[in-house]
Every structure is written in C-alpha cells, then in structure tokens.
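Geometric and topological summary
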Amino acid sequence: MPTFPEDAGSRPRSRAASGRPAVTRDRIVDAALELSAESGLENWTLRQLAAAVDAYPAVVYHHVGDRDTVVVAVLDRVVGELTLPDETLPWREWFDEFLPTVRRVLRRYPGSARRLALFGPSVAAAVPTMNAGIGRLLAAGFGTESPFAYNLLLATACQFVAMEDDRESAMALQLDRCEGYASYRTREDLPGMAALGESVSALVADPDLAAGYYERLYDYAVQRCLDGLEIRLTQLNALGSLTEP
C-alpha cells in the first residue's frame, strides 16, 4: 500500500517523471469499484481510495468529489454493467432474462443493491435500462401503470439482493437461528412452524441446497411479481375492451 510522506518536498513534482500513472476521474472510480467488489460499497474510506490510486484524499476530492459523490459514480458504473435483453422480446420474456442479470451484477458489489433501492442511480445512468424496461411494458399494454410496474420489479429485485448482502455479513447469527427454526420440524401443534422447520432442516443438512437458497428466494420473489403483473395486464386488457367504441 502506498504511503504519504510527511515531507512533500521529497516527492517528485511530476507523476509522469516518477513513472506513476496520472490520477484521473476514471481511475479513481475504477479503484472505488474494485474496493466495493472486495469489501462492499459502504466499507471503504476516502483515504483508502486515495491510497489505492497513490494520491492524497484532497486529489480524489478535486477530481470526483466527496465520498457520496464517488459512490454515485460507482453505482452508475454498476448499472452500466447490466446487459439488456433483445428489445423485441415479449415483456415477460424480457424480464425473465433481465432480472437474473440484475442479481448477478449487484451481488458483485455488496451494498450497491441497498443504495439503489433507496436512491436509484443517476438519471443519465438509469435512462437506457428504464427506457428499455418501461418500453416493453408500454408495448405490452400496461399503459400509465408501466412505470409503477417497472419500479415494482426493480425495487423487489434490489431489496432481495440487499437482504442477501446483509445476511451474508451476519452468517454466524443466521446459522444459529437456522438451528432454532429447524427444531420446530416435529411440532404437530404448530403446523406452520413445522413446515418451516422441515424446510430449514433440509438447508442445514445439505450445504449445496443452502448455497443456492437466496438465488431461489430471489427467483421466487420476482417470478411471483411477474405473475401478478400478468394477471393485472389481463384486467387492463378487459377494461380496455369494455371502453372501446
């Protein structure tokens, strides 16, 4: 890790003369993205970021801004990694392909899902994804409800990934609670808890099954949202046919 000498005079005046790459906005955001992948979006400091580009924190502030401004830039990069499906796909097939991509990308950068769920990306970063997603819903017939439907799907996706990020960071507590829930599997007087206990017990007994739990839960959540929207679209189509001259 680079050090910051106390004597500024001992440091070459030119980065190029010392063989060090120039500090640019892109290089700073690249480093912040890497730190977010390694330790989570909320777990690095501006000083650590400055050290990663071999500069002083004031240099980072000069090129990008304060930490929150850097985080916004990181989130824009994260959103930019999302791959958009073929725009000619029917709306449900489009989201069936897109939503798993959302989880894969957000999981690379723990903490990004929580931030996106709360504040979203910048407008410029959001435009390609939102235009494509809402556009598919408009084409399907959701009409003025299209932005609501899109926000429902993306908010659900972000919230479930954020939950996965948070729970992974407290795995010991989760394992302890799993054992507690599993103990209810034989309680015939509490059928709901018994069903949960059986489910949790199966996870505790099978590491491979446990490893895929959150991916299955995420898929279940977004698929049930899509099911609901499909029913809603049928209702909208019925209402439209009733109002046609």
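Refer to the structure above for everything that follows.
Below or above, wherever it landed, is the structure these notes cover. (Residues numbered from 1 in each chain as written. Predicted model: local features only at pLDDT ≥ 70, side-chain atom pairs only at ≥ 80, totals over all residues. Heavy atoms only, no water.)

**Here's the deal with unusual backbone geometry**
Put simply, the rule reads: Each helix is a run of H or I in the DSSP string that is no shorter than four residues. Each strand is a run of E no shorter than two, and both are numbered from the N terminus.
Although it is not a glycine, D54 sits at a positive phi angle of roughly 55°. Here D54 is to be found in the loop between helix 2 (46-52) and helix 3 (57-63).

**Some details on the packing of aromatic side chains**
Centre-to-centre distance and the angle between the planes together describe a pair of aromatic rings. In plain terms, the rule: To pair, rings of Phe, Tyr and Trp, with the six-membered ring standing in for Trp, must have centres within 6.5 Å; the planes then decide the type, stacked if under 30 degrees apart, edge-to-face if over 60, and tilted in the middle. Relative accessibility thresholds used throughout: buried, under 20% of the residue-type maximum; exposed, over 50%; partly exposed, between the two (1.4 Å probe, protein chains only). Either the NZ atom of lysine or the CZ atom of arginine qualifies as a charge over a ring when it sits within 6 Å of the ring centre and within 35 degrees of the ring normal.
Counting across every chain of the model gives five aromatic pairs. With centroids separated by 4.9 Å and ring planes inclined at 35°, the aromatic side chains of W94 and F98 adopt a geometry described as tilted. In this pair, W94 and F98 are both assigned in helix 5 (residues 91-108), four residues apart and thus about one turn of the helix distant. Given a relative accessible area of 0%, F98 falls into the buried group. Counting every residue linked through ring pairs, the aromatic cluster contains W94, F95, F98 and Y150. Above the ring of W44, the side-chain terminus of R67 is found at 4.0 Å from the ring centroid. Here R224 stacks its cationic end above the ring of Y220, 4.9 Å away from the centre of that ring.

In short, the description is geometric, and any link to function would need to be established separately.
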